[in-house]
Each structure stands twice: as C-alpha cells, then as structure tokens.
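Each chain, written out:
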Amino acid sequence: YQVNTDDDALVDLGEATTHNIALAGSAGSITGDINSCKQRLYCMLVDFLPFLKHYPTWLPGSAWKKHIEYTAVMVEKMQTVPYNTVKSSLVCLHLALCLRALIERCLTGNEMTDRYAENEKDIRGVATSLYAAGTETVATTMQVFILAMLIYPDVLVKAQEEMDHVIGSGRLPELYDRENLPYLNAIIKETYSCEGGTLLFLLKCSIVILSSGLIFASRGMSRDEGIYSDSEAFLPERFMNKEEALDPKSFVFGFGRRLCPGREFADTCIFMVLSNIVATMDILRAKDERGNEITPQAIFTDGLASRPARLDCVLKPRTQQARDLILLQDTNDTTFSAQ
Ligand code: HEM
C-alpha cells in the first residue's frame, strides 16, 4: 500500500484514532473532543479502578465513557479497514504467501482452520499497535528537534559544520556515517531528553505507583538537576563527554517488560531524518503577517506524547546542490515543492 497524498484515508483514520486514544489517556488540559479535563481524568482512572467500566452511559458525567466507547469503535476500524484493504488488493502472490506463512508459523493441521481467524486478529492487533505506538512518538521527537533548532540556531550551525566536514556536500548522509557524527548524536540525545515523551500525569517525580499500574514520567527524569546540570537548557555538549551524562535512551523508551520494542527502529529513523535535515536544510523562524519574526516558545501540549504546541518555521534547502540532492531522492513521483 502506497501513501501518495496528504489526505490519505487510511492515514487519516490512523491519525484520528491515535488522537482519540491519546485524549483518553491524558489528564491534561489540551482542548479536544472531550473538552473537560475532568472527563479525561476519568478516562485514565478506569485503568486503575476497573469497576468504573460499568458506569452507565445514561448517567450524568458519562462523557468519558462515551469517548472510550467511541474510541473503541475507531480502534476496531483501524484494525480492520487497513488490513482488509491490503488483503483484498493482494494481487502480488508473494505478499499473499507471506501473510499466509506468517499465520501458518503459529499453527499446524486442524488448528489452522480453527484458529486462523484468531491469529488474523492478532496480526491486525500487532500492526495497529506498531502504527499507533510508532507514529506519534517519532513525529514528536522530530518536532522537538525542529523547535530546538529554532530556539538554538547556533546548535544547528555547529551540526551543519560537522556534517559538511564529515560527508561533504555531494551526497546525503547514510546510516554508516552515524559513528562519525558525535555532535549530531549528542543533539539526538538532548532531543530525547527534552521532549515530554510518553509521560503521564505531568508529575515531576520519577515513578508513580497507583494500584497495580506503574507509570513513569520521563520528563521528570530528564529534568532532574541531580542528573543533568542546567537541565532546562538545550545543551548537546553535555553528551560529548561520555562519562558525564546518562544517555536518555536508557529511560525514554520505558523499562522492563514494557520496554519499547520499536526503540532501535525509532532511533534509526530519527537519525536518518535528522541527519538529512541537517545536511540539506536551514531551519528558519517563520514571519507573521507584518513580516516580524515569530519568536519560538518551548510550550508543550499535554498528552500521551507531549509535543510542541506551536511550530512556526520555514525549512529551506541550504544550497542549490542540497535542493538537487533532495529532488534526486524523490523516486516515487511525488511532488516536492522546495522554496
Ligand atoms: C521516539 C520514539 C519512541 C518512544 C519515545 C517510545 C517510547 C515507548 C515507551 C516509553 C513505551 C512503554 C510504554 C509503557 O510502559 O507502557 C513504548 C512501548 C511501545 N512502543 Fe515505543 N516508543 C517510540 C517509538 C516506537 C516505534 C517506532 C514503534 C514501532 C514501530 C514502537 C512500538 C511500541 C510498542 C508496540 C509498545 C508497546 C510494548 C508493550 O506494550 O509491551 N515505539 N514505547
């Protein structure tokens, strides 16, 4: 399945569903489909006080329950519509065989007929979880990077100098360049530590235990002055000295059995996107209608993945050569409109 437009129906469905899941999991004050902060708090509370799930929707104050029911319908849709779309368009025999092989790996003999549907459901669930868990988080990290570069343009200049020195201007960075780009790696670490991450409850403490659930607040850890001095500043330099700072990758991806299974994939994607932006783009502050530069502000939304509330910026190719390199990558016949 190829996404070719900005208003792809399946992407829109995924976005809307993850947005509603995030609303149901956020006790903060962002405005959304269920406007009251209190209602969203109830959405979260049901995880810790499961008997609340029996709260009748005809009683007053049940907006949270209706939201959860609505979100459940959307999740079901997100699990079935993309899966069925791909399945029904499996003109490619190879793909059809892969899907069948995946199911057969778990089953043999009669089980195959009996449990086919059950396993198909698992596959749909896994695909949906990967999408839901992987898109917002990665996108948020990239947005935090852009915001940081708007506020700290000298950091971007330094990263561009490093990039030019290491790979020159005749090609785009590749994964194998990573080890030779210590400053960019430090920026990525600082970006991880800067974002709100998958924080919950907006508490400044590290771990909160409620009932049988365990919630960690990665932002509380990354802002711990005991670990990071001058923790509110965006200071990649703190990671240049290896002995000094704890790598935020050791906590932003969670812990123990719930450790993010997509962490290496996410980290690689983030490196590839960020390195390509650094190599080819200037990140400039946008201007308002009067032509005045908009001062970027480090304000973050509440939510499951806390992201910059505003991002007024212009991404502009650094040079004609950079522009040509970007257009050369445009192999899928999609249009790139460079300024
Ligand atoms: C910067 C990017 C990412 C961050 C910060 C992040 C962070 C996290 C965290 C903290 C958890 C644990 C949540 C908990 O304790 O309940 C988690 C779980 C998970 N992540 Fe990520 N993640 C990222 C990217 C991704 C990507 C790209 C994928 C998939 C392609 C992914 C898939 C998952 C899945 C499936 C889980 C649930 C694991 C489970 O329930 O056992 N994540 N992630």
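Parameters at a glance
Residues numbered from 1 in each chain as written. Predicted model: local features only at pLDDT ≥ 70, side-chain atom pairs only at ≥ 80, totals over all residues. Heavy atoms only, no water. Helix = DSSP H or I, 4+ residues; strand = E, 2+ residues; numbered from the N terminus. Contact = heavy atoms within 4.5 Å. Donors = N, O, S within 2.8 Å, 3.2 Å for Na, K, Ca; no water. Axes fitted to C-alpha atoms, helices over the stretch in contact; angles between N-to-C directions. Patch = residues over 30% accessible without salt bridge, like charges linked within 9 Å, V, L, I, M, F, W, Y side chains within 5 Å. Areas by Shrake-Rupley, 256 points an atom, 1.4 Å probe, with all protein chains shown as cover. Salt bridge = Lys/Arg side-chain N within 4 Å of Asp/Glu carboxyl O. Core = buried A, V, L, I, M, F, W, Y, C linked by side-chain atoms within 4.5 Å. Buried < 20%, exposed > 50% of the residue type's maximum accessible area, 1.4 Å probe, protein only. Parallel < 35°, antiparallel > 145°, perpendicular 65-115°, else oblique. Left-handed = near helix turned anticlockwise from the far one by under 90°. Polar contact = N/O pair within 3.5 Å; in protein donor to acceptor, adjacent residues only side chain to side chain. Expected span 1.5 Å × (residues − 1). Lys, Arg positive; Asp, Glu negative; His and termini not counted. Charge placed at Lys NZ, Arg CZ, Asp CG, Glu CD.

A count of helical and extended segments in the chain gives 11 helices and 4 strands. Contacts in the chain between residues at least 24 apart in sequence constitute 62% of all its contacts with a sequence separation of at least 6.

Let's shift gears to the coordination of the iron atom of the ligand. Exactly one donor from the protein chain reaches the iron atom of the ligand: Cys260 (SG), at 2.3 Å. Along the polypeptide, cysteine 260 turns up in the loop between helix 9 (249–252) and helix 10 (263–280).

Attention now goes to the packing of helix 6 (residues 153–167) against helix 7 (residues 182–194). At a minimum axis separation of 8 Å, helix 6 and helix 7 run at an interaxial angle of 145°. Touching Val155, Lys158, Ala159, Glu162 and Met163 of helix 6 are Pro182, Tyr183, Leu184 and Ile187, all from helix 7.

Turning to a nonpolar patch on the surface, a few remarks are in order. On the surface, Tyr1, Val3 and Val86 cluster together into a nonpolar patch covering about 280 Å² of accessible area. On the secondary structure map, valine 86 appears in helix 3 (residues 63–88).

Bringing the nonpolar core into the picture now. Within the largest apolar cluster, 39 residues are counted, with the highest numbers of intra-cluster contacts made by Phe145, Met149, Ile187 and Ile283. The biggest single contributor to this core is helix 5 (residues 109–151), with 8 residues. Listed in part, the 5 residues of the second largest apolar core include Ala24, Val46, Leu52 and Trp64.

Where helix 7 meets helix 10, the axes come as close as 11 Å, and the angle between the chain directions of the two elements is 120°. Judged by the angle between their axes, helix 7 and helix 10 are oblique. Classified by chirality, the crossing of helix 10 by helix 7 is right-handed. Together, Leu184, Asn185, Ile188 and Tyr192 of helix 7 and Asp267, Ile270, Phe271, Leu274, Ser275 and Val278 of helix 10 make up the contact between the two elements.

Right, let's get into the side chain of glutamate 190. With respect to the element layout, glutamate 190 can be found in helix 7. Since its relative accessible area comes to 2%, glutamate 190 is described here as buried. At 2.7 Å, the side chain of glutamate 190 forms a polar contact with the backbone nitrogen of leucine 235. If we ignore the near neighbours within four places in the chain, the residues touching glutamate 190 are Ala233, Phe234, Leu235, Pro236, Arg238 and Phe239.

What follows covers helix 10. With 18 residues, helix 10 extends 26 Å from end C-alpha to end C-alpha; this agrees with the ideal 26 Å at 1.5 Å per step. Of the positions making up helix 10, those classed as buried are Ala266, Asp267, Ile270, Phe271, Leu274, Ser275, Asn276, Ile277, Val278, Ala279 and Thr280.

A few words on a negative patch on the surface. Together, Asp6, Asp7, Asp12 and Glu15 give the surface a local cluster of negative charge. Within the secondary structure, glutamate 15 is located in helix 1 (residues 9–24).

Attention shifts here to the side chain of serine 62. Here serine 62 lies in the loop between helix 2 (37–48) and helix 3. Serine 62 gets classed as buried once you look at its relative accessible area, which sits at 2%. Separated by 3.0 Å, the side chain of serine 62 and the backbone oxygen of leucine 59 make a polar contact.

Side chains bearing opposite charge may pair, as long as their charged atoms lie close to each other. For the coordinates displayed, the defined rule picks out 10 salt bridges. A salt bridge links lysine 65 to glutamate 69, with the nearest nitrogen and oxygen atoms 3.9 Å apart. Of this pair, lysine 65 and glutamate 69 both sit in helix 3, 4 residues apart, roughly one helical turn. Taking the shortest distance from any N to any O, the salt bridge between lysine 249 and aspartate 267 comes out at 3.2 Å.

Limitation: the analysis is restricted to geometry and does not speak to function.
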